[in-house]
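If you want the building blocks of each chain, they are given just below.
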Amino acid sequence: MIDIKSLFEGKIKGILVFGKDIEKKYLSDFIGARVGHADVYARVKDEDDVQTILKIAYANRLNVVVRGAGTNLAGSTIPDGGVVLDVSDMNQILELDDETLTVTVQPGVILRDLIEYVEKRGYLYAPDPAEKGASIGGNVSTNAGGMRAVKYGVTRNYVLALDLYKIDGTKVHLGAKTYKFSTGLNLQQLVVGSEGTLGVITKIVLKLLPLPEFTLNTVIAYDSLKQGISNVNVIFKSHLDPTAIEFVEKKVIAYGEKYLNKSFPCQNAKSYLIVALDGDKKGVYERFEKLKEVVKAHGAIDVIPLDDEAVAKDIWEIRGAIARAVNASGPWEPIDIVVPINRITDFVDYVNELAENGSPRIVAFGHAGDGNVHLCVLKDNIADEKWPEVLHNTMEKLYKKSYELGGVVSGEHGVGKGKRDFFLQNTPEEYRSLMIGVKKSFDEFNLLNPHSGYGL
């Protein structure tokens, strides 16, 4: 039997905790409903620590799960024995290069801190996930999207290069500090979205954009969610170039309002679109006037420009706090299904039908501009012993419907352990076999997050 303590003790500069002494929060994800187990928790300080941990794990065939800020919603950070490798102390912004419009960061840098850092210097880091307390390494590992994805794209579109340690401790540099890359296989993009199954990211080069001169946020109120969703294509076809288009029901916003003790405008509405426009100030206001005209002609009951920056910040904070608010209200399951944008209404109609016909209460919101529908399936008063089966059956129906509509199980949270069964049910074997082949070329013994996503 392996003496885990003797393998690791005194070998790294960071913190080591063993077995039963590991806190539960390091054995789960943000939801906390599933708790794994691990032999050792290693909070590393630098790349040397990462390399040392991986070499030991590789030599002794120990599983390794990488974690950062712990905001994952799909169970990707839940270990099944072995090592939890925590990179959250590797949190330095290493370089902002004005000449190449790039910023180089360690994986533990918090998204909120990066955004503030570059904006003070006149730049925009465009990816905008709602969870600003997430780490950049986690954003890269799940290809996080967010609210500005409709105009600017997702995390993948901003990762130019990265340093990766393979499971045997070998360091590889993937990509280049260039905006174009057609030199062999684009391996850095393969790592983006891989959920810690291919290696440990220790450095990331990200593309920046000039900060827009002006941003105007607008809340558009509707009598029904269906009416609001039907306006999304209307907005696109009107050439308004929105930065973000979010949809949310009043009953869902109420969670964020209560959680933050802040209020949304137009309280008599049943649903809302939140639309952001950016660019030069004159042009933004011209587009806003056209937006107001177009949506009022298609059923909007009110259009409220958020000229006050403090009010606009409150609105986005309420929207961004929904997941935390729902989490605080009791047991729930987060879902981030994505469907083609022309099928959003079909999918949301199906969700409402389920909730009205015996399924658990489901609240819906999301990124209307790219079809990413966020659902919260709430336990409410369902008996503890019945909840796992009820939840599984509900999720099975939702994921089956998403594939029928041409969608997939996740747009930006990843697959992890929470969606693994449903992903495998709906994934052709030849598709999965290609992914497993890639996995083996990076990790021949399947040690990195082996039971997550497409794993063996």
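It should be emphasised that the depicted structure is a prediction, and the values quoted were computed from it without experimental measurement.

Colleague: Outline the environment of Val191, supporting the account with residue identities and numerical values.
Modeller: Along the chain, Val191 turns up in helix H6 (residues 187–191). Here the alpha-carbon distance between Val191 and Val140, two residues 51 residues apart in the chain, equals 8.1 Å. Discounting residues that sit within four places of it in the chain, Val191 has contacts with Val140, Leu162, Leu164, Leu174, Leu198 and Ile201.

Colleague: Break down the pattern of salt bridges for me, citing the residues and quoting the values.
Modeller: Counted under the stated rule, the structure contains 26 salt bridges. One salt bridge in this structure joins Lys282 and Glu286, with 2.6 Å as the shortest N-O distance. With Lys282 and Glu286 both in helix H9 (residues 281–296) and 4 residues apart, this pair spans about one turn of that helix. Taking the relative accessible area as the measure of exposure, Lys282 reaches 61% and is therefore exposed. A relative accessible area of 48% places Glu286 in the partly exposed class. Lys379 is the salt-bridge partner of Asp384, the closest N and O atoms lying 2.8 Å from each other. Judged by relative accessible area, which is 58%, Asp384 ranks as exposed. With relative accessibility at 9%, the residue Lys379 sits in the buried group.

Colleague: For the packing of aromatic side chains, give the residues involved together with the corresponding values.
Modeller: One pass over the full model with this rule turns up 6 aromatic pairs. Judged by centre distance (5.9 Å) and plane angle (50°), the ring pair of Tyr58 and Phe445 falls under tilted. Within this pair, whereas Tyr58 is found in helix H2 (residues 47–59), its partner Phe445 is found in the segment after helix H15 (429–442), the two being separated by 387 residues in sequence. For Phe445, a relative accessible area of 36% translates into the label partly exposed. A cation over an aromatic ring shows up here: Arg121 above the ring of Tyr117, its NZ or CZ 3.7 Å from the ring centre. Between Lys207 and the ring centre of Tyr158, over which it is positioned, the NZ or CZ distance is 5.2 Å.

Colleague: An account of the pairing of strand S10 (residues 200–207) is requested, with residue identities and associated values reported.
Modeller: Of all 8 residues in S10, 7 are buried, a share of seventy percent or more. Pairing analysis gives 4 bridges linking strand S6 (residues 102–105) to S10, with the strands arranged antiparallel. Counterpart to Val105 in the pairing with S10 is Ile204. Note that strand S8 (residues 159–165) and S10 share 6 bridges and pair antiparallel. Counterpart to Leu162 in the pairing with S10 is Ile204.

Colleague: So what's going on with helix H12 (residues 344–356)? Which residues, and what values?
Modeller: Counted at 1.5 Å a residue, the expected span for H12 with its 13 residues is 18 Å, and the 18 Å between its end C-alpha atoms agrees. Listed as buried for H12 are Ile344, Phe347, Val348, Tyr350, Val351 and Leu354. The arc enclosing the buried residues of H12, seen along the axis, measures out at 155°, which places them on a common side. As for H12, its buried residues are in contact with helix H7 (225–237), strand S13 (244–249), strand S16 (332–338), strand S17 (361–367), strand S18 (372–378) and helix H13 (387–404). A positive phi of about 100° marks Gly358, the residue just after H12.

Colleague: Can you explain the sheet that holds S16? Please cite residues and give values.
Modeller: Strand order in the open sheet made by the 7 strands is S15-S12-S14-S13-S17-S18-S16, with antiparallel pairing throughout. Two strands lie at the open edges of the sheet, namely strand S15 (302–306) and S16, each paired on one side alone. Across the sheet, the mean angle from the axis of one strand to that of its neighbour is 20°, orientation sign disregarded. Packing against the sheet, H13 makes contact with S16, S17 and S18, and its axis sits at approximately 10° to S16.

Colleague: Describe the environment of Val248, listing the residues and the values that go with them.
Modeller: Note on placement: Val248 falls in strand S13. Classification of Val248 by relative accessible area gives buried; the value is 1%. Here the alpha-carbon distance between Val248 and Thr71, two residues 177 residues apart in the chain, equals 22 Å. Setting aside residues no more than four positions away along its own chain, Val248 makes contact with Ile253, Ser271, Tyr272, Ile322, Ala364 and Phe365.

Colleague: Outline the packing of H12 against H13, listing residues and values.
Modeller: Running from N to C, H12 and H13 point in directions that differ by 160°, and their axes come no closer than 11 Å. With respect to their mutual orientation, H12 and H13 come out roughly antiparallel. Seen along the crossing, H12 lies across H13 with a hand that is right-handed. For the pair H12 and H13, the contacting residues are Phe347, Tyr350, Val351 and Leu354 in the first and Lys397, Leu398, Lys401 and Ser402 in the second. Taken together, the residues of the contact of H12 with H13 break down into 5 nonpolar, 1 polar and 2 charged.

About the thresholds
Residues numbered from 1 in each chain as written. Predicted model: local features only at pLDDT ≥ 70, side-chain atom pairs only at ≥ 80, totals over all residues. Heavy atoms only, no water. Helix = DSSP H or I, 4+ residues; strand = E, 2+ residues; numbered from the N terminus. Contact = heavy atoms within 4.5 Å. Salt bridge = Lys/Arg side-chain N within 4 Å of Asp/Glu carboxyl O. Buried < 20%, exposed > 50% of the residue type's maximum accessible area, 1.4 Å probe, protein only. Phe/Tyr/Trp six-rings, centres within 6.5 Å; stacked < 30°, edge-to-face > 60°. Lys NZ or Arg CZ within 6 Å of the ring centre and 35° of its normal. Pairing = 2+ DSSP bridges. Expected span 1.5 Å × (residues − 1). Arc of directions from axis to C-beta. Axes fitted to C-alpha atoms, helices over the stretch in contact; angles between N-to-C directions. Parallel < 35°, antiparallel > 145°, perpendicular 65-115°, else oblique. Left-handed = near helix turned anticlockwise from the far one by under 90°. Nonpolar A, V, L, I, M, F, W, Y, C, P; charged D, E, K, R; others polar.

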